[in-house]
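Now for the letters of each chain:
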Amino acid sequence: KVYRNPERVGLIRSKVVGTQHTTAPVIVFLEPHCLANRDWLQPLLAHIMTSHKAVAVPTIDLIPENDTDKYGYGPLDYGGLQWDLSFHWPGSPKNR
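Residues numbered from 1 in each chain as written. Predicted model: local features only at pLDDT ≥ 70, side-chain atom pairs only at ≥ 80, totals over all residues. Heavy atoms only, no water.

Regarding the overall build of the protein
Quick note on the threshold: Elements are defined by DSSP. Helices are runs of H or I of four residues or more, strands are runs of E of two residues or more, and each kind is numbered from the N terminus. For the exposure calls, accessible area comes from a 1.4 Å probe over protein chains only, and a residue counts as buried if that area is under 20% of its type's maximum, exposed if over 50%, partly exposed in between. When checking whether two residues touch, look at their non-hydrogen atoms; a contact exists if any pair is within 4.5 Å. What sets the accessible areas is the Shrake-Rupley method with a 1.4 Å probe; for residues, cover comes only from the shown protein chains. Charge counting follows a simple rule: Lys and Arg are positive, Asp and Glu are negative, and His as well as the terminal groups are ignored. Charge coordinates come from a single atom per side chain, which is NZ of Lys, CZ of Arg, CG of Asp or CD of Glu.
Along its length, the protein carries two helices and two strands. Of the regular secondary structure in the protein, the N- to C-terminal order runs α-α-β-β. Summarising its shape, the C-alpha atoms of the protein cover approximately 45 × 35 × 30 Å along the three principal directions. Counting every position in the protein, which comprises 96 residues, the buried fraction comes to 6%. Within the protein, residue pairs in contact and separated by at least 24 positions form 8% of the contacts whose partners lie at least 6 positions apart. For the protein, the exposed area adds up to about 9,100 Å²; of that, 56% sits on carbon and sulfur atoms. Across the protein, the mean location of the 10 positive side-chain charges is 8 Å away from that of the 9 negative side-chain charges.

Let's talk about unusual backbone geometry
If you check the backbone angles, Asp39 has positive phi at about 55° while not being a glycine. Along the chain, the position of Asp39 falls in the loop between α1 (11-20) and α2 (41-48). The class for Asp39 is exposed, based on a relative accessible area of 58%.

Description of the pairing of strand β2 (residues 87-91)
Put simply, the rule reads: Strands are treated as partners if at least two bridges between them are detected by DSSP.
With three bridges joining them, strand β1 (residues 78-81) and β2 adopt antiparallel strand pairing. For Leu81, the partnering residue across the bridge sits in β2 and is Phe87. Taken together, β1 and the strand that follows it, β2, pair antiparallel across an intervening segment of five residues, in which Leu85 is found at a positive phi of about 70°.

Considerations on the environment of Val26
Looking at the secondary structure, you find Val26 in the loop between α1 and α2. With 22 residues separating them along the chain, Val26 and Ile48 place their C-alpha atoms 8.5 Å apart. With residues up to four places along the chain from it excluded, the contact list for Val26 reads Leu45 and Ile48.

Here we look at the environment of Ser86
Positionally, Ser86 belongs in the loop between β1 and β2. Those residues within four positions of Ser86 in sequence are excluded, and the remaining contacts are Gly80 and Leu81.

Quick look at a nonpolar patch on the surface
Cut-off, in case you're wondering: What makes a patch is a set of residues exposed beyond 30% relative accessible area and free of salt bridges, joined within 9 Å when like-charged and within 5 Å when nonpolar (Val, Leu, Ile, Met, Phe, Trp, Tyr). A pairing counts as a salt bridge when a side-chain nitrogen of Lys or Arg comes within 4 Å of a carboxyl oxygen of Asp or Glu.
Together, Ile60, Leu81, Leu85, Phe87 and Trp89 make up an exposed nonpolar region whose accessible area comes to about 620 Å². By the element assignment, Leu81 lies in strand β1. Relative accessible area serves as the criterion here: at 59%, Leu81 is assigned to the exposed category.

The values reported here are purely geometric and, on their own, carry no functional implication.
In structure tokens form, the structure reads like this:
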């Protein structure tokens, strides 16, 4: 289901309004500049189903700006929010 705001309110406020108009158990926001690959959602939903506190974020793959038909898999890094809400890429799963 798609809800459209009657007037422009910005990205973040639109997401907040969207959450107020849903009864779904899972909400997915896909930014307009993102391309979703085949079967991208199933692994995220499987992770979310492990706990009601779980949050899942897909791997960010590489799509060249000058040729969006080319596609390369991104590195298997993991990221996380710090207590000051800054986001960091600490490393690979092997180093975790």
